[in-house]
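Chain by chain, the residues run as shown.
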Amino acid sequence: MEIQRQIFIFSEDITLVRELIGAAQVLAEGKPAILSALVIGGSTSVEQMQNTGVDRIYRLDTLPPDCLVEDIFQTLWGLTREIKPDYLVIGATTAGRLICGRLAARLNTTALTDIQTIEFDAQGLLIRHMVFGGGAQRLERPLRQPVVMTIGKGQFESQAARSEKVAEVIPVAFTPPETRAILRERRELPPVSVNLAEAKRVVCPGRGIARREDLTMVEELARSLGAEIACTRPLSEGLGWLPRERYIGISGAYIKADLYVGLGVSGQVQHTIGITDARVVVAINRDAEAPIFKQADYGIVADLYEVMPALIDALRSA
Amino acid sequence: MNIVVCLKITPDPEDLEIGPDGSVSTTHAEWKTGSFDLPALEAGVRLAEMHGGKVIALSAGTSQINQSKVRKDILSRGAEELVLVVDDSLKDASTAETALVLEKAIRKLTDVQLVLFGEGSADLYFQQTGVQVGERLGWVTLNAVQDVRLLENEALEVQRIVEHELQVLDVPLPAVLCVTSDICEPRLASMREILRASKKTVFEWSLSDIGIEGLTPSVEIVKVMAPPRASRKGEMLSGSVEEMVSALVNNLRKDGVL
């Protein structure tokens, strides 16, 4: 009899768990596999994982108050030694990335992060993920076992099929780490002012905006369009004109808006990767050679400072 | 106390060339220190300036990382020494191999209490190498660090941003921290520092210098390709500004996005 594949998943973010289950089902290749999950929390967390195809739910009630989520590592490590998984699938949160790296290092094995697709060929598993700041994708084959991987939002949820299977729930105790950081204080950050991923329309100033005070004109345009204001990375991280959660592109926001209007955006791939899923892309730039025009539905080569007021007028009189 | 700052020297992603067939080339790209790594170097230099000790910059890669412009750039930003582990088998090294090499190099250095990394490399941005090095060393390891202070009792106070939460932590030394780009603004080197850089020491180590007899790859790179692009209309509007704007508004209305 063929040995069943063992897949072990973990995320402290319960909203990511279905993504991980979807990925695990792809990893099983339609063959019988044993899917185990470690969950932090009470019965509601467990309920959310029932009938999802998970065979065993290891449940940890709660973490000690001055511990980080990451301190679950020792507990996870103990279960990893017991389960001996072929694949460890971790949610790509900040804590998840830390846990993935530590597991991979301790197992001296391959870590594959932010996986976009999973496929199999005659020689086994192949995964695809982004490199070069979104400028390229790479197809990779892990050469060591087990494979530790992280999966982010929006990649595999649709692959998660419902199941009649009722998971066995196994309580586990917290194994404290030998040395650790002591959590002295935690503060909720003020809610982010914007969720660009949900915005219907987005205007995005780039380096073509000369001065910070010119952003008031951008704001006016945004108001007349009913749009959120985004920006390119240099405006946020370099110049500090707009907060970090407003920049589009690699390590920033990915938008799915109906309309994106680039204002003096040159169109570096690090930025445009974030607008791939926008329905209509408008580019306004003085430089006819700007790469953004190759990825726009409508292009206007003109001075931004003439186009913006004209556009505001046109929208108002409409 | 010595502070090691690990840097990745890579082809500049902005110089990436994409062929008509979707192939990707870095042949003509300039090699430089990753932009996410420079804030880590600055943070290390500021700690050393305030509390004493020196910053040792560490990088690993093929012989392409050993360029005088790159060396000078790193050393003019406040690192006192630069260690380059050079071996051509590090071409396309994945995080597991790089982490092993950096771990062995750090173990060869003396009196290291703190190792800093940036948030991710400029070329891969897998955000793994730093945390893997921390685990290999067996030190307390944290990512997403946006502030570090050295306390008097030889421990660190660290601020960390994790999704929508700010955490304040006491971190015992030795430690490995991966810092965000928000931690501080990298300095522009002064003329004096640029001149001083050429007198600083650069160590070039081979893999056998750090006790590694050959690296086994953890990943096979099967294919690198340009990402699929959404197909766009590519309609360039013409006429006066007013004409272009009115054509734009009409088109957007037709598309149903206004």
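As the structure is a prediction and not an experimental result, all values here were calculated from the model.

A.B. asks: Please explain the overall build of chain B as it appears in this structure.
C.D. replies: Regarding its fold elements, chain B presents six helices and 15 strands. Relative to its full complement of 258 residues, chain B shows a buried share of 46%. Pairs at least 24 apart in sequence give 72% of the contacts found in chain B among residues at least 6 apart.

A.B. asks: Which parts of the structure should I look at to understand the sheet that holds strand 6 (residues 117-121) of chain A?
C.D. replies: In any sheet, the strands associate via hydrogen bonds between backbone groups, in a parallel or an antiparallel arrangement. A sheet is described by the order of its strands in space; here four strands give the open sequence 6(A)-7(A)-8(A)-14(B), paired in antiparallel fashion. Since the sheet does not close on itself, it has two edges, and those belong to strand 6 of chain A together with strand 14 (219-225) of chain B, each with one partner. Each strand of the sheet is rotated relative to its neighbour by a mean of 30 degrees, with strand direction disregarded. With five bridges connecting them, strand 6 of chain A and strand 7 (residues 124-131) of chain A associate as antiparallel partners. Each residue of the ladder has a partner; that of Phe120(A), found in strand 7 of chain A, is Leu125(A).

A.B. asks: For this particular structure, what's the right way to read the interface of chain A and chain B?
C.D. replies: How big an interface is tends to be expressed through the accessible area that disappears when the partners come together. Opposite the 70 residues of chain A that make contact, chain B presents 66 residues. Those elements that provide at least two residues to the side of chain A that touches chain B are helix 4 (94-107), strand 5 (110-112), strand 7, strand 8 (136-142), strand 11 (182-188), strand 15 (280-285), strand 16 (298-301) and helix 8 (304-317) of chain A. Top contributing element to the side of chain A that touches chain B by residue count: helix 4 of chain A, with 10 residues. Here the side of chain A that touches chain B is built from residues that sort into 35 nonpolar, 17 polar and 18 charged.

A.B. asks: Teacher, can you tell me more about helix 2 (residues 68-75) of chain B here?
C.D. replies: What sets the pattern is the α-helix's 3.6 residues per turn: residues three or four places apart point alike. Residues and elements named next belong to chain B. If you check which residues of helix 2 are buried, you get Val70, Arg71, Ile74 and Leu75. Along the axis of helix 2, the buried residues cluster in a sector spanning 125 degrees; they form a single face. Facing away from the buried surface of helix 2 by more than 90 degrees, the exposed residues are Ser68 and Lys69. Residues of helix 2 that are buried in the fold lie against strand 2 (9-11), strand 5 (31-33), strand 6 (54-61), strand 7 (81-86), helix 5 (191-197) and strand 13 (201-205).

A.B. asks: In this structure, what is going on with helix 8 of chain A? I would like to understand it.
C.D. replies: Here helix 8 of chain A spans 20 Å end to end across 14 residues, near enough to the 20 Å set by a 1.5 Å rise per residue. Considered for burial, the residues of helix 8 of chain A that qualify are Leu304(A), Val307(A), Met308(A), Ala310(A) and Leu311(A).

A.B. asks: Please explain the packing of helix 3 (residues 95-108) of chain B against helix 4 (residues 129-137) of chain B as it appears in this structure.
C.D. replies: Between two packed helices, what matters for the description is the angle formed by their axes and the separation of those axes. Residues and elements named next belong to chain B. It is at 8 Å that the axes of helix 3 and helix 4 come closest, and there the two elements cross at 50 degrees. Taken together, the axis directions place helix 3 and helix 4 in an arrangement best described as oblique. In the crossing of helix 3 with helix 4, the sense of the turn from one axis to the other is right-handed. Taken together, the residues of helix 4 that come into contact with helix 3 (itself represented by Thr95, Ala96, Thr98, Ala99, Leu100, Leu102, Glu103 and Ile106) are Thr129, Gln132, Val133, Arg136 and Leu137. A class-by-class count of the residues in the contact of helix 3 with helix 4 yields seven nonpolar, four polar and two charged.

How each quantity is defined
Residues numbered from 1 in each chain as written. Chains lettered and ligands numbered in written order. Predicted model: local features only at pLDDT ≥ 70, side-chain atom pairs only at ≥ 80, totals over all residues. Helix = DSSP H or I, 4+ residues; strand = E, 2+ residues; numbered from the N terminus. Buried ≥ 20, exposed ≤ 12 C-beta atoms within 10 Å, placed from the backbone. Contact = placed C-beta atoms within 7 Å. Pairing = 2+ DSSP bridges. Axes fitted to C-alpha atoms, helices over the stretch in contact; angles between N-to-C directions. Nonpolar A, V, L, I, M, F, W, Y, C, P; charged D, E, K, R; others polar. Arc of directions from axis to C-beta. Expected span 1.5 Å × (residues − 1). Parallel < 35°, antiparallel > 145°, perpendicular 65-115°, else oblique. Left-handed = near helix turned anticlockwise from the far one by under 90°.

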